[in-house]
Amino acid sequence: MALRITVNGEERTVDADPDMPLLWALRDHLQLTGTKFGCGIAACGACTVHMDGFPVRACSIAVGDAEGAEITTIEGLDSPAAKAVQSAWQDLDVVQCGYCQSGQIMSAVSLLEETPQPSDEDIDVAMSGNVCRCATYVRIRAAIHEAAKRMEG
Amino acid sequence: MLAKRASAAPLDRRSFLIASASAGAGLVIGFQILPKFAYGAAPGAGPIKVDPNAFVRIAPDGTVTVLCKHIEFGQGTHTGLATLAAEELEADWEQVRTEHAPANAALYNNLHWGPVQGTGGSSAIANSYDQMRYAGALAKAMLVAAAAEQWNVPAGEIAVAKGQLSHAGSGQSASFGELAELAAQQTPPSEVTLKDPKDHILIGKHAPRVDSKSKTTGQATYTIDVMRPGMLTALIARPPIFGATVASFDATEALQMNGVEEVVAVPQGVAVVARDFWSASKGRELLSIEWDESTGETRSSDQIMAEYRTLADQPGLVARQDGDSDAALASAAQVLEADFEFPFLAHAPMEPVNAVAEITQDGCEIWTGSQIPTVDQGAAAQILGIAPEKVTVHTLYAGGSFGRRATPDSDMVAEAVSVAKAIEGRAPVRVLWTREDDVQGGRYRPMYFHRMRAGLDEDGKLVAWQHRIVGQSILKGTPFEGMLVQNGVDLTSVEGANNLPYAIPNALVDLHTTDVGVPVLWWRAVGSTHTAHSVEIFIDELAEAAGRDPVDFRRELLAEHPRHLGVMELAAEKAGWGEPLPAGRARGIAVHESFASFVAQVVEVSLDGGTPKIERVVCAVDCGRPINPDQIKAQMEGGIGYGLGAILHDEITLDGGRVAQSNFHDYVPLRIEEMPKVEVHIVPSEAAPTGVGEPGTPPIGPAVANALYQLTGERIRSLPLSKHELRGA
Ligand code: FES
Ligand code: FES
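Not measured: the values here are computed from a predicted model.

Colleague: Break down the overall build of chain A for me, citing the residues and quoting the values.
Modeller: When its secondary structure is counted, chain A shows five helices and five strands. Listing each helix as α and each strand as β along chain A from the N terminus yields β-β-α-β-β-β-α-α-α-α. Whereas a compact globule of 153 residues would reach a radius of gyration of roughly 15 Å, chain A reaches 15 Å, a difference of no more than 12%. The principal-axis extent of the C-alpha atoms belonging to chain A is close to 45 × 30 × 25 Å. Split into buried and exposed, the 153 residues of chain A put 61% on the buried side. Taking all contacts inside chain A whose residues are at least 6 apart in sequence as the whole, residues at least 24 apart take part in 57%. With the model as given, the accessible surface of chain A reaches about 5300 Å², and the carbon-plus-sulfur share is 48%. Of the side chains in chain A, 11 bear a positive and 22 a negative charge, and the two mean positions are spaced by 8 Å.

Here is the structure:
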């Protein structure tokens, strides 16, 4: 069945069952592979994308339910907060294996768009759903503070 | 010998890899030289091989590509290997790129392992330290020779810095890229001299990671991202208990699912082959399979542990014996005894394991995050009945591994090739695992039971030590058995116990290797994940029985081990050991050597209700000459977090042989709010560099347990901590 979704500002057609998770529509049908699969049950955050500006777990949203919504993936990030987050992430060498980091960055960008100067507690709450098995958490926290500083300056 | 290749990359990267920044054909600068020098770090190793075309490629646009024989799965190896080559090459760090080398045991073997290409045992930097520096130095010599020829000046007068060559006398200068082609035609020198470490500009300094940009923009390619034309996706239904087999299956319903193309039997189970993940996953749910469980493992974890406990009453195979520990225990003034229990642990790398196989006209191509590429190559060849050279292995970034991708029987590759073969090679196949497949799929850190006994004399001196270990062998039945199982003792079961550094005149370490039908595997830091735990907790108990401070007690026993002592003193000092803490907080320490690196950690804990909260970790590490201090810190941070998640929450349990956990809701990973502050201090050293991927993990568990004891008065001797209710004393 042909479904129409808007991804990174472009209208795209996906020929899939409406119950296919958005994650797999993005990955297998639109070749947007920056969004990762980690658990499939909304427990790890690797698949985090923005839907109408809010962070959601793409593994747990049916692509049929994403019709009409604006989806942004890591490939389409472009806001000032996104630039601050990505540059802070790079300068602090946050990544290890990197597999969780698209999701981490999507969550961090949402946090900073909502809360430009987050406390450690704000960070814990916003980022708790994003697992990093490499445990890069010390640097994730530092990079979010750094990005907040860069957005201010 | 120098070679020029039309296509520098041995891979067909048309459709799935991000186009490289370097355009056009690259020139391969290679060497066929065996520089003469003694290799001190690895006993028995011959001269280092630096073979043609193997390690450094310089493109006309100036891009320097370092081919890495080790997989990058987070530990920073590619950055480290490139640092070594770039240091001697005098490349500008900005022009350096990395690529995974193809599978080739002759060119890319791990020099600590023999004729196998592989990454493990935190050996990547240690075994490559000389090799990659020579590769860089030889490449530089070729560029210098080219400049000397072109400018007609003596080679000795040419300076090289930051990717530029220059000659002061004539005012000539050129970039690496400009000279690459001419360099490729030079006769390589028979000897090169490496830099004096005091002149290092990258080693020991800050070199940013080579993969930060691609991994923060969604551009890095992992196996799960590989797209081949016409590729199909397979999910495999595997036995519900380990060792069961398929009796029969009915695929009628599965085949009716939209997108499902074929259902095939493979040695690992039943594979549903579909056009995408979602169809395969729905199709797999519709399979009806009759399993033959008669050969399966049906015991529960509790039952297995009870059997281990009984076994521990009997002496095992001796792994270490000093003096007469029985006699010393009999005459000791005080005898302490403690039992420790360790559960099975899953690795749960963030990227569930996977592999892509494509059978071609003259062989097979594999894409996977391969930790032992030449073993994977052999496994694929065997399944297809072709020569290993016909199998090309494209190693990709892996989303973590922690040992999971180093399977001696090449499980993921074998699956992908088996499915490709079962569908007669008509399409490339990727086999994906779900998280449930991963958590329930075995290859666990084995369960272990430890029994410790020790004796103190009237003066509180430690005079006797007995450490008995009961558990499965990781190496039995693998190609590594000959290398690492000695007199029936699997060294990976006892490492960290048999090399006990504490000075005790009478010591015995023995082992019972058990027979359990659960596939097991090395898990970040392998034997030290359990041995460090019991040893370091028990030493604390003994310190208390002797009326001594834990650091003081260890200091005396470690007098002959300066590197253990060095990290312990550094961690203790930086953590303010002995200084008062706010109410409700306590400290604990542990020190451990693994893979020839030394790590001590001091933790501060508190209790939040009944839940331990790890507030701060001060870590000291001695890994020889530090190559990339920031990445050493990153690996300590990561190793601490990984170990912490396991000791706080994790166990895989069997219920009648069935794995009780299935995903991150019940195999609970560490989350950001549980991550302590971590401070890492690196001991300055000129010793040969050793690894950091694993050694950060072992001390965290016992350091936490020792701190919790100070807080609660309770010794916790079985993991995970979440099984225990903790109350402040
Ligand atoms: S894959 Fe969606 S939250 Fe884990
Ligand atoms: S960087 Fe590896 S899982 Fe986060």
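After presenting the structure, the write-up continues.
Colleague: Please provide a residue-by-residue account of the sheet that holds strand β1 (residues 2-7) of chain A, values included.
Modeller: Residues and elements named next belong to chain A. In space, the five strands of this open sheet follow the order β2-β1-β5-β3-β4, with mixed pairing throughout. In the strand order of this sheet, the two ends are held by β2 (10-15) and β4 (54-57), each with one partner. The average angle at which neighbouring strand axes cross in this sheet is 45 degrees, direction not considered. Of the strands in this sheet, β1, β2, β3 (48-51) and β5 (70-72) touch helix α1 (residues 22-29), which is tilted by about 95 degrees from β2. Seen against the sheet, helix α3 (residues 101-114) touches β3, β4 and β5 and runs at an angle of roughly 40 degrees to β3.

Colleague: How would you summarise the pattern of salt bridges if you had to cite specific residues and measurements?
Modeller: All names here are of chain B. What the rule picks out here adds up to 55 salt bridges over all chains. Two residues, Arg717 and Glu541, come together in a salt bridge whose shortest N-O distance is 2.7 Å. Placement of the pair is Arg717 in the segment after α19 (700-712) and Glu541 in helix α15 (residues 528-545), with a sequence separation of 176 residues. Here Glu556 makes a salt bridge to Arg548, at a shortest N to O gap of 3.0 Å. The class for Arg548 is partly exposed, based on a relative accessible area of 27%. In this structure, a network of salt bridges that share partners links the residues Arg585, Arg587, Glu604, Glu615, Arg616 and Glu679.

Colleague: How would you sum up the packing of aromatic side chains? Please name residues and give values.
Modeller: Residue and element names in this part refer to chain B. Summed over the entire model, instances satisfying the criterion amount to 13 aromatic pairs over all chains. Ring geometry for Phe402 versus Tyr642: centroids 4.2 Å apart, planes at 25 degrees, classification stacked. On the criterion of sequence distance, the pair formed by Phe402 in the loop between β18 (391-395) and α11 (411-422) and Tyr642 in helix α18 (residues 629-649) is long-range, its members being 240 residues apart. Given the relative accessible area of 10%, Phe402 is considered buried. With 5.7 Å between their ring centres and 75 degrees between their planes, Phe480 and Trp522 make a pair best called edge-to-face.

Colleague: Quick rundown of the domain arrangement of chain B? Include the residues and the values.
Modeller: Residues and elements named next belong to chain B. We note that the domain assignment places domain 1 (27-216), domain 2 (223-294 + 353-432) and domain 3 (301-344 + 444-723) within chain B. Taken over C-alpha atoms, the centre of domain 1 sits 37 Å from the centre of domain 2. In this assembly, 20 residues from domain 1 lie in contact with 15 residues from domain 2. Here domain 1 packs against domain 2, burying approximately 1200 Å² in sum over the two surfaces, 63% of which is carbon and sulfur. Among the residues of domain 1 in contact with domain 2, Ile71, Phe73 and Ala103 are the three that bury the most area, contributing 42% of the side total. Joining domain 1 to domain 2, the criterion identifies zero salt bridges. The interface formed by domain 1 and domain 2 holds four residue pairs in polar contact (both at pLDDT 80 or more) in total. Contributions of two or more residues to the side of domain 1 that touches domain 2 are made by β5 (96-100) and α5 (212-216).

Colleague: Account for the sheet that holds β18(B), with residues named and values stated.
Modeller: All names here are of chain B. Within the open sheet, the seven strands sit side by side as β11-β12-β9-β19-β16-β17-β18. Their pairing is mixed. Every interior strand has two partners, whereas the edge strands, β11 (260-266) and β18, have only one. For this sheet, the mean inter-axis angle between neighbouring strands, taken without regard to orientation, is 20 degrees. Pairing between β11 and strand β12 (residues 269-274): six bridges, direction antiparallel. Counterpart to Val266 in the pairing with β12 is Gly269.

Colleague: Any chance you could break down the interface of chain B and chain A for me, citing the residues and the numbers?
Modeller: One frequent convention defines the size of an interface as the accessible area lost when the parts assemble. Contacts between chain B and chain A engage 64 residues on the former and 51 residues on the latter. When chain B packs against chain A, the two sides together hide about 4600 Å² of surface, and 55% of this comes from carbon and sulfur. On the surface where chain B and chain A come into contact, there are six salt bridges. Between A:Arg27 and B:Asp225 there is a salt bridge whose closest N-O contact spans 2.8 Å. At the junction of chain B with chain A, the criterion picks out 32 residue pairs in polar contact (both at pLDDT 80 or more). Elements represented by at least two residues in the side of chain B that touches chain A include exactly α5, α7 (277-285), β19 (429-432), α12 (435-440) and α18 of chain B. The element best represented in the side of chain B that touches chain A is α18(B), accounting for nine residues. Among the residues making up the side of chain B that touches chain A, the classes are represented as 28 nonpolar, 18 polar and 18 charged.

Colleague: Give a detailed account of the nonpolar core, specifying residues and quantitative values.
Modeller: The biggest cluster of nonpolar side chains holds 198 residues, and the ones touching the most others in it are A:Leu22, A:Trp89, B:Leu462, B:Trp465 and B:Val704. For this core, the element with the highest residue contribution is α18(B), accounting for eight residues. Judged by nonpolar contacts, the second largest core, of 46 residues, contains B:Ile58, B:Leu81, B:Ala91 and B:Ala147.

Colleague: Could you give an account of the packing of helix α1 (residues 77-89) of chain B against helix α3 (residues 124-151) of chain B, with specific residues and numbers?
Modeller: Residue and element names in this part refer to chain B. Relative to each other, α1 and α3 sit at 35 degrees, their axes nearing to 6 Å. In the packing of α1 onto α3, the handedness of the crossing is right-handed. Where α1 abuts α3, its residues Thr77, Gly80, Leu81, Leu84, Ala85, Glu88 and Leu89 lie against Ala124, Ile125, Ser128, Tyr129, Met132, Arg133, Gly136, Ala137, Ala139, Lys140 and Leu143. A per-class count over the contact of α1 with α3 returns eleven nonpolar, four polar and three charged.

Rules used in this analysis
Residues numbered from 1 in each chain as written. Chains lettered and ligands numbered in written order. Predicted model: local features only at pLDDT ≥ 70, side-chain atom pairs only at ≥ 80, totals over all residues. Heavy atoms only, no water. Helix = DSSP H or I, 4+ residues; strand = E, 2+ residues; numbered from the N terminus. Rg over C-alpha atoms; globule rule 2.2 N^0.38 Å. Buried < 20%, exposed > 50% of the residue type's maximum accessible area, 1.4 Å probe, protein only. Contact = heavy atoms within 4.5 Å. Areas by Shrake-Rupley, 256 points an atom, 1.4 Å probe, with all protein chains shown as cover. Lys, Arg positive; Asp, Glu negative; His and termini not counted. Charge placed at Lys NZ, Arg CZ, Asp CG, Glu CD. Pairing = 2+ DSSP bridges. Axes fitted to C-alpha atoms, helices over the stretch in contact; angles between N-to-C directions. Salt bridge = Lys/Arg side-chain N within 4 Å of Asp/Glu carboxyl O. Phe/Tyr/Trp six-rings, centres within 6.5 Å; stacked < 30°, edge-to-face > 60°. Domains from an automatic or database assignment. Buried area = accessible area lost by both parts, 1.4 Å probe. Polar contact = N/O pair within 3.5 Å; in protein donor to acceptor, adjacent residues only side chain to side chain. Nonpolar A, V, L, I, M, F, W, Y, C, P; charged D, E, K, R; others polar. Core = buried A, V, L, I, M, F, W, Y, C linked by side-chain atoms within 4.5 Å. Left-handed = near helix turned anticlockwise from the far one by under 90°.

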